[in-house]
Amino acid sequence: MRITNMLPDVQYQIQQSQQALATATQQLSTGLRVNQPSDDPSAYSNMVISLGISANVDTYTSNISSVLPQMQTADSAISSMVTSLNTAITLGTQGANGTNSTANTQALASQVEGLLTNVVAQGNTSFQGVFIFGGTESTTPPFVPASTTYNSSNGTVALPLASTSGLTNGSVTTVSDATTGDTFTFKATAGDTVASLITAISNAVSAGTLSSGVTAGINANGQLSIGTNNPADGIVVSTNDATLGSMSAAPGTAVPNAYAYVGNGNSNSVQVGESMSVPTNLPGNQLLFSGANVIGSLNQLITALQSGNTSQVGTATTAISAALNYVSQQRVPLDNTISQLNAQDSTLSQETLNLTTQQTALVGISTADAATNLSQATLENGAVLGAAAKALPETLLQYLQ
Amino acid sequence: MSGDALQTRDVIAAIYLQQLQELASEISVATDAIAANALPRLQESVAKQEMLCAGLIKLANSVGDGLGSSVQPSCSGIDPAVETKIQAASRTIRELNLQYAALLRHSGKTIALLASLCRSHTGQFQEAGGPRLKYQTWSCEM
Amino acid sequence: MGSLSSSLSIAVQALNAASGALQATNNNIANANTPGYTREVPILQEVAPTTDGNLSVGGGVAIEAYQSVRDELVQTQIQNETSAQSGANAQLTSMQQIQPTFTTSTQDIGTDISALFSSISSLSTNPSSPSSRQAVLTAGQNLATAFNTASNTLTSQQVGLNTQVTSDVSQINQLTQQIAALNPQIAALKGTESNGGTLEDQQNQLILQLSAITNVSVTQGKDGVTLSTGSGTPLVMGTQSFTLQTTTASNGMTDVLDQNGTDITKTITSGDLGGTIQTRDTTIPTLLTQLDTLANQFGAAFNTAQSTGTDLNGATGTAFFKFPPTVPPAAAPVAGSAGSITLALTSPSQIAASSDGTAGSNGNLVNFSALQTATLPAGQTPGDAYANLVYQVGSLTSNANSESTATTASLLQLNDQLNSVSGVSIDQESANLIMYQTAYEAAARVVTTIQSMFTVTMAMGTAAAD
């Protein structure tokens, strides 16, 4: 077949070889064989999915580095509590033998008070603005000094509150008890009155949520008064009901060394792996109230030391031993989770490596291959231009760039 | 899996790779043959392609046996370097195959076209005499 | 020779009937074993013609007759290929402008979906943190914007293609006028001693330009060339040219009408006009529907997750995304979702992270995170749905590219043939028909086998199966 017009052929070949040259150059500079979906649709879309997985792995890794410090803070706080409790036992044991003078036992009582203060302070630890032992009520300190009496801000002699006074629909009133460690919550519905609240509190006492001796009523000043007649017990009350105003402790009614827990028992969990989530907080009531009343037992020891009654001191010291056991047990799951997180961190690093390898297999090209492609393409391009030059000397200039 | 089984797999995978590369080259030959209207070259190439495909399917089955689908790339059981090359060769063939298919489509249309031309052709053919008479007969309808 | 040329009437409806069956039957038409002819070797014997079936056989073999048949064939093939090439290029150009939106970057939909889920997971480590909450809102708005951008890219392509339809139709009308004008001139020169060749060349060039715009059937007759498009819409007959018109349909798209007002839009399947229509009316709407469905269902799922929790102030969560002008909580229609989706929350405190009413609880966030691995009503997870969309865009672009490359190579070959001067026996060529057909069928089987082998090969003990 005689070819009379070579120009289109040569043009085409030059175009093709320049295309190959451009592709090889791009491969070398990006390290990618596949730079856009059309280069290899199935590899590219698989890579898109793989990148999604990689993003998740990165997030899990960053979650671990967010929660680990918080959990380590919780662990040190508990460790400090354990140290305090151990010291309290030592002091209690000392105080239980009959050889102490009154001055001694008073001094011991004072030291135990210091230990109690520390335990409460640890319980109120906050990490980056979050109170870590409050359950999900993490915006205010969970352990609050208790008093025997709380009165409403509304209600005066002239304008007293009455049992028939209506409460605001949806308002919440809480009573936290230092002895039971529990919180009674009353949520008002339409038609509820102060009497409804008083009745509910009484029912909570019967149920054991609140200690016996906690009562509520309208006092001589016309205020709603909620209080306990047990001098060793204390409560903390709060409300957002407009009828009541706010609740505050009556002056002079603070119970020494008594603290109520105003947090809740809920915990958050955070995902740190494809199918791995860990709880990130230990609620304070679970830690200090549910197995043994830790704060209460320290309080008990202080009172016993102050009174000088050695058998009471002995009993109180035994109670603290039980409390110490309980707190130590609480630490175990926390420590396990911390180990788990560290292990998971390594696993995630490995996973990142695997994913990167997979992605490279899909769309990458080794530098060596890319370089080979490039030199090959350059060679061919040169050959084509050379051939074109021989065939079309006067038109070669069109192809020089 | 045993070391022996692994090794056999590697050997088979290497043969697979070689045949993939041959297939890629054969498709290029066929594409050129179509473009040049070189029928005998095309027929020869297609026959080779058919043979290579059959062989590849058989090989793939014997490598894939018992591997199932694994999520970890490291558990493939084949030398990763060979595996990468196999994937690369596979992709090259896929691209060539696309162009091959396109050319076949267009060339196929030409045949139909020619057939219809012949149908309306009222020119004249020479009839051969002797032993070559009716050695190959045909007609076409649209 | 004159009688032979004029008796050659080549029906080229084959262009439309190319998919028709080729039936080989045994018939008594002998294969001419005449040797190959070249220009240097003059012709041959006259034999009395016989008729058999649809063909007349026998008779002399004229080189000019073969040459012109062959030229007609090649010319027709060139027109076909030109139509196919232009059609592929129209599709390719569009897809190449769409593809960057679906290429991974810092702000494509896939990356933004991932980022949104990441921000929610990070928020779970400190649910009351204002900065972590703000990060979720930012990620949400980024995703909405990515959807908007993708939708705009597709719809603005459609607008551009729409304009192209009008411009193509106007070009068609110009060309058919010129072609028709040449018919009488060419006819006038036939039978005279003058050479009508230059005018014929001119006409051929115009027909070729027309093929680049639409699919064309060409028939030679005594009145000159007859052209039609679509499924028989006349364009040129004798001295007359038939204009095409355009009209705007209710969906705002420009449709093509014949001279009588009949809608022929769907019958234009090749050329720039065919490729443009195909892309505008089929390819893009398909992609757009999938995009809208994803945006709609993803947004609705997120809004549902909001409603199961409480925000920083203890109130039940309100809608995360909205689809103006639809007023939540009414369900938005799918069409247009990707273009309209936007963030509905105005403050970080509105994110409903809590499951117990407190500000410190993250218990509702798990309902958001679960959406990453849950199937949307359309049947796939959000990530997979997007990856699927990417695959389609890639395939469409890649196929158009291959088609364009193949047709270009083909045209080159054909032009070479047209310009070449050697003669080939048409009998030899027709005898090869069956062999070619058989070879192509066998090759097509190989193509299918190779396609199915790809999945097997890629799955050979690797995780990257497709």
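**Considerations on the pairing of strand β7 (residues 245-248) of chain C**
Residue and element names in this part refer to chain C.
Now for step 1: Summarising the sheet, β7 and strand β8 (residues 254-257) pair through four bridges and their orientation is antiparallel. In the strand pairing of β8, Thr-248 is matched with Thr-254.
Now for step 2: As consecutive antiparallel partners, β7 and β8 are separated by five residues, and within that stretch Gly-252 has a phi angle of approximately 90°, a positive value.

**Looking at the confidence of the model for chain A**
Regions with low pLDDT carry predicted coordinates that are not meant to be interpreted in detail.
Residue and element names in this part refer to chain A.
Now for step 1: Predicted confidence across chain A gives a mean pLDDT of 87, with 92% of residues reaching 70 or more.
Now for step 2: Here helix α9 (residues 396-399) stands out as the element of chain A with the lowest mean pLDDT, 33, in contrast to strand β12 (residues 269-273), whose mean of 95 is the highest.
Now for step 3: Low confidence marks residues 1-5, where pLDDT is under 50. Its contacts with residues over four positions away, or in another chain, come to ten contacts.
Now for step 4: When the criterion is pLDDT under 50, residues 392-401 qualifies, and its contacts beyond four places in sequence or with other chains add up to eleven contacts.

**What to know about the pairing of strand β5 (residues 172-177) of chain A**
On a regular strand, one side chain projects to one face of the sheet and the next to the other, so that they alternate.
Residue and element names in this part refer to chain A.
Now for step 1: By the criterion of burial, β5 is predominantly enclosed, with five of the six residues buried.
Now for step 2: The pairing of β5 with strand β6 (residues 183-187) spans five bridges and is classified as antiparallel. Within the sheet, the bridge partner assigned to Ser-176 lies in β6 and is Thr-183.
Now for step 3: Where β5 folds back on β6, the antiparallel hairpin that results is connected by five residues, among which Gly-181 adopts a positive phi of roughly 75°.
Now for step 4: Inspection of the sheet shows β5 paired to strand β9 (residues 235-239) by five bridges, in the antiparallel sense. For Val-175, the partnering residue across the bridge sits in β9 and is Val-237.

**Comments concerning the side chain of Gln-157 of chain C**
Now for step 1: Mapping Gln-157 of chain C onto the fold places it in helix α4 (residues 130-189).
Now for step 2: When sequence neighbours within four positions are dropped, the list of residues in contact with Gln-157 of chain C reads Ser-94, Gln-97, Ile-98 and Ile-284 of chain C.

**Digging into the interface of chain A and chain C**
Now for step 1: Each partner contributes to the interface: chain A provides 45 residues, whereas chain C provides 44 residues.
Now for step 2: Taken together, the two surfaces of chain A and chain C that pack against each other cover about 3,300 Å², and 55% of this comes from carbon and sulfur.
Now for step 3: The interface formed by chain A and chain C includes zero salt bridges.
Now for step 4: For the interface between chain A and chain C, the tally reads 13 residue pairs in polar contact (both at pLDDT 80 or more).
Now for step 5: Elements supplying a minimum of two residues to the side of chain A that touches chain C: α1 (7-30), α2 (41-96), β12 and α7 (310-363) of chain A.
Now for step 6: Among the elements that take part in the side of chain A that touches chain C, α2 of chain A stands out by supplying 18 residues, more than any other.
Now for step 7: Here the side of chain A that touches chain C is composed, by residue class, of 16 nonpolar, 26 polar and three charged.

**A closer look at the packing of aromatic side chains**
Residue and element names in this part refer to chain C.
Now for step 1: Summed over the entire model, instances satisfying the criterion amount to eleven aromatic pairs over all chains.
Now for step 2: Ring geometry for Phe-117 against Phe-298: centres 6.0 Å apart, planes inclined by 85°, an arrangement best described as edge-to-face. Of this pair, Phe-117 sits in helix α3 (residues 109-123) while Phe-298 sits in helix α6 (residues 271-307), and the two are 181 residues apart along the sequence. Take Phe-117 and Phe-298: they sit in the same class, and that class is buried.
Now for step 3: Of the aromatic side chains, those joined through ring pairs into one cluster are Phe-117, Phe-298, Phe-302, Phe-320, Phe-321 and Phe-368.

Calculation notes
- Each chain carries its own residue numbering, running from 1 in the written order of its sequence.
- Here chains are named by letter from A upward and ligands by number from 1 upward, in the order in which they appear as written.
- Given that the model is predicted, a residue must reach a pLDDT of at least 70 before its local features are reported, and side-chain atom pairs must reach 80 or more before they are shown or counted; all residues, however, enter totals for whole chains, interfaces and linings.
- For the side-chain quantities, the full set of heavy atoms in the structure was used; hydrogens and water were omitted.
- Any two strands between which DSSP finds at least two bridges are classified as paired.
- Helical segments are the DSSP runs of H or I of at least four residues, strand segments are the runs of E of at least two, and each set is numbered from the N terminus.
- The predictor's confidence in any single residue is recorded as pLDDT, a number from 0 to 100.
- By definition in these notes, contact holds between two residues if any of their heavy atoms fall within 4.5 Å.
- The buried label goes to any residue with under 20% of its type's maximum accessible area, the exposed label to any with over 50%, and the partly exposed label to all in between, with areas taken from a 1.4 Å probe on protein chains only.
- What gets called buried area is simply the loss in accessible area from a 1.4 Å probe that two parts show on being joined, summed for both.
- For this document, the term salt bridge refers to a Lys or Arg side-chain nitrogen within 4 Å of an Asp or Glu carboxyl oxygen.
- Pairs of N or O atoms are called polar contacts if they sit within 3.5 Å, as long as, within protein, a hydrogen donor faces a hydrogen acceptor (for residues adjacent in sequence, only side-chain-to-side-chain pairs).
- Just so you know the grouping, Ala, Val, Leu, Ile, Met, Phe, Trp, Tyr, Cys and Pro go in nonpolar, Asp, Glu, Lys and Arg go in charged, and all remaining residues, Gly too, go in polar.
- Paired rings are identified among Phe, Tyr and Trp, the last through its six-membered ring, by centres lying within 6.5 Å, and are further divided according to the angle between planes into stacked (under 30 degrees), edge-to-face (over 60) and tilted (the rest).

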